[in-house]
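Architecture at a glance
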Amino acid sequence: MAKYTSLNIDDKGIATLTLNRPDVHNAFDDVMIAELLQALKEVEENASARVLVLRSEGKNFSAGADLNWMRSMADKNYQQNVEDAGELGLLMERLDLLSKPSIALVQGAAFGGAVGLAACCDIVLAQPRSSFCLSEVKIGLIPAVISPYVVRTIGERQSRRYMLTAERFFADEAQKLGLVNDVVDDFEEPLNNLLDALLANSPLAVTACKELIRNVGSRPINKDVREHTIKAIAEIRVSDEGQEGLSAFLEKRPAAWLNKN
């Protein structure tokens, strides 16, 4: 039974994964990381799950790594630290590669590794006073495991600034940097609008679109990329959902997946 997180998948296929350590600002340790990994595995393998919402209880989204957990790692050897960091790396990878669309709701502070969680989600909503900080260098560390996702999201130039200075920045700046999509006073209405939009789409096409973005993003437009896009559209056109979607459009009727919502 989960100790620091909860996962609920409703009848619409909305999987809500909640960080639940508000007493320590949802800081994560090895236990929470293991729980999050298991929850993401369940969402990935559950055919009825259509979209993931990542949120947290309390005033803050997450303070990043738990200080007591980091202190314990200082007493372990190099190999043990490699293994421990590997679990956090796997968490970021599993969230980033999740085949279902993901939405993060960020309230309060998102520090350190929590910025990585946001960068791995497809869509991020934040409240106006939400703040972000890549704070690792302040305590003699570096944001190594989350760096591929953060640099990809906000770019190398801005990463040089915020990773090196460990400055705190707020939601409006995070939106300018590309880390946050929308700044909202309250999550529920914007979240419901996003969920309605996502659930109206072909599940297979959404998954294929996420894979397409990963394959063409940040790559030069060359023969390999062009051939990949040609094969990708051909494959989706002949798929069951591709055929159903085109038929429904031409026949001016709801597609079959809409009847399941």
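Provided above is the structure to which this section pertains.
In this report, we go over the structure that sits alongside the text. Everything numeric in this text was worked out from a predicted model, so none of it was measured.

For the structure on display, the rule yields two aromatic pairs. Note on Phe132 and Phe169: the rings are 5.8 Å apart at their centroids and 20° apart in plane angle, and the pair reads as stacked. Placement of Phe132 in strand β7 (residues 131-133) and of Phe169 in strand β8 (residues 168-170) is noted, with a sequence separation of 37 residues between them. Residue Phe132 is classed as buried on the basis of its relative accessible area, which comes to 0%. Taking the centre distance of 4.5 Å and the plane angle of 50° together, the rings of Tyr162 and Phe169 count as tilted. Considered together, Tyr162 and Phe169 belong to a single accessibility category, that of buried residues. Taken together, the ring pairs connect Phe132, Tyr162 and Phe169 into an aromatic cluster. Above the ring of Tyr4, the side-chain terminus of Arg21 is found at 4.2 Å from the ring centroid. Its guanidinium or amino end placed over the ring of Phe170, Arg129 lies 4.5 Å from that ring's centre, counting from NZ or CZ.

Leftover empty space is mapped by rolling, across the atoms, a probe with the size of a water molecule. Considering only enclosed or pocket space, the largest pocket measures out at about 840 Å³ in volume. Looking at the largest pocket, it is lined by 31 residues, and the ones nearest its centre are Ala65, Met70, Glu136, Leu141 and Ile142. When residues of the lining of the largest pocket are traced back to their parent elements, those giving at least two are α2 (67-74) and α3 (78-96). Its boundaries defined by the atoms lining it, the second largest pocket holds a volume of some 560 Å³. If you trace the second largest pocket, you find 22 residues lining it, with Cys121, Asp122, Arg152, Lys210 and Ile213 closest to the centre. Listed by contribution, the elements that provide at least two residues to the lining of the second largest pocket are α4 (113-120), β6 (123-126), α5 (147-154) and α9 (203-216). Looking at which element gives the most residues to the lining of the second largest pocket, the answer is α9, with five residues. Split into classes, the residues belonging to the lining of the second largest pocket amount to twelve nonpolar, five polar and five charged.

One non-glycine residue, His25, adopts positive backbone phi at about 60°. Examined against the element boundaries, His25 turns out to sit in the loop between β2 (14-19) and α1 (30-45).

Turning to empty space enclosed by the protein, a few remarks are in order. One pass over the full model with this rule turns up one cavity of 30 Å³ or more. Of the voids in this model, the largest cavity is the one considered here, and its volume is about 40 Å³. Leu17, Leu36, Leu40, Leu54, Leu91, Leu95 and Leu117 are the residues that line the largest cavity. Here the lining of the largest cavity is composed, by residue class, of seven nonpolar, no polar and no charged.

Let us look at helix α6 (residues 156-165). Note: α-helices contain 3.6 residues per turn, so residues at a spacing of three or four share the same orientation. Residues Ser159, Tyr162 and Met163 constitute the buried set of α6. Looking straight down α6, one finds its buried side chains confined to an arc of 95°; they lie on one side. Those residues of α6 that are exposed and angled more than 90 degrees off the buried face are Arg157 and Leu164. The inward-facing, buried residues of α6 abut α5, β8 and α7 (171-177).

So, about the sheet that holds strand β5 (residues 109-111). The strand order across the open sheet formed by three strands is β5-β7-β8, and the pairing between neighbours is mixed. Strand pairing shows two members of the sheet lacking a second neighbour, β5 and β8, which therefore form its edges. On average, adjacent strands in this sheet sit at an angle of 20° to one another, irrespective of strand direction. Sheet strands touched by α4: β5 and β7. Its angle to β5, the strand with the most contacts, is close to 100°.

The next point concerns α9. In this model, α9 (14 residues) spans 20 Å end to end at C-alpha, consistent with the 20 Å of a helix rising 1.5 Å per residue. Ser218 sits one or two residues past α9 and shows a positive phi near 60°.

Residues Leu52, Leu54, Leu91, Leu95, Phe132, Val150 and Leu179 are the most contacted members of the largest nonpolar core, which totals 49 residues. Sort the elements by how many residues they give to this core and α1 lands first, with seven residues. Beyond its immediate chain neighbours, meaning those up to four positions away, Leu95 contacts Leu40, Leu52, Leu54, Leu117, Cys120 and Cys121. Formed by 13 residues, the second largest nonpolar core is a distinct cluster that contains Leu105, Leu125, Val184 and Leu195.

Rules used in this analysis
Residues numbered from 1 in each chain as written. Predicted model: local features only at pLDDT ≥ 70, side-chain atom pairs only at ≥ 80, totals over all residues. Heavy atoms only, no water. Phe/Tyr/Trp six-rings, centres within 6.5 Å; stacked < 30°, edge-to-face > 60°. Helix = DSSP H or I, 4+ residues; strand = E, 2+ residues; numbered from the N terminus. Buried < 20%, exposed > 50% of the residue type's maximum accessible area, 1.4 Å probe, protein only. Lys NZ or Arg CZ within 6 Å of the ring centre and 35° of its normal. 1 Å grid on protein atoms, 1.4 Å probe; cavity = no way out; pocket = protein on both sides within 12 Å on 5 of 7 lines; lining within 4 Å. Points joined across faces, edges and corners; volume = space filled by probe spheres on them. Nonpolar A, V, L, I, M, F, W, Y, C, P; charged D, E, K, R; others polar. Arc of directions from axis to C-beta. Contact = heavy atoms within 4.5 Å. Pairing = 2+ DSSP bridges. Axes fitted to C-alpha atoms, helices over the stretch in contact; angles between N-to-C directions. Expected span 1.5 Å × (residues − 1). Core = buried A, V, L, I, M, F, W, Y, C linked by side-chain atoms within 4.5 Å.

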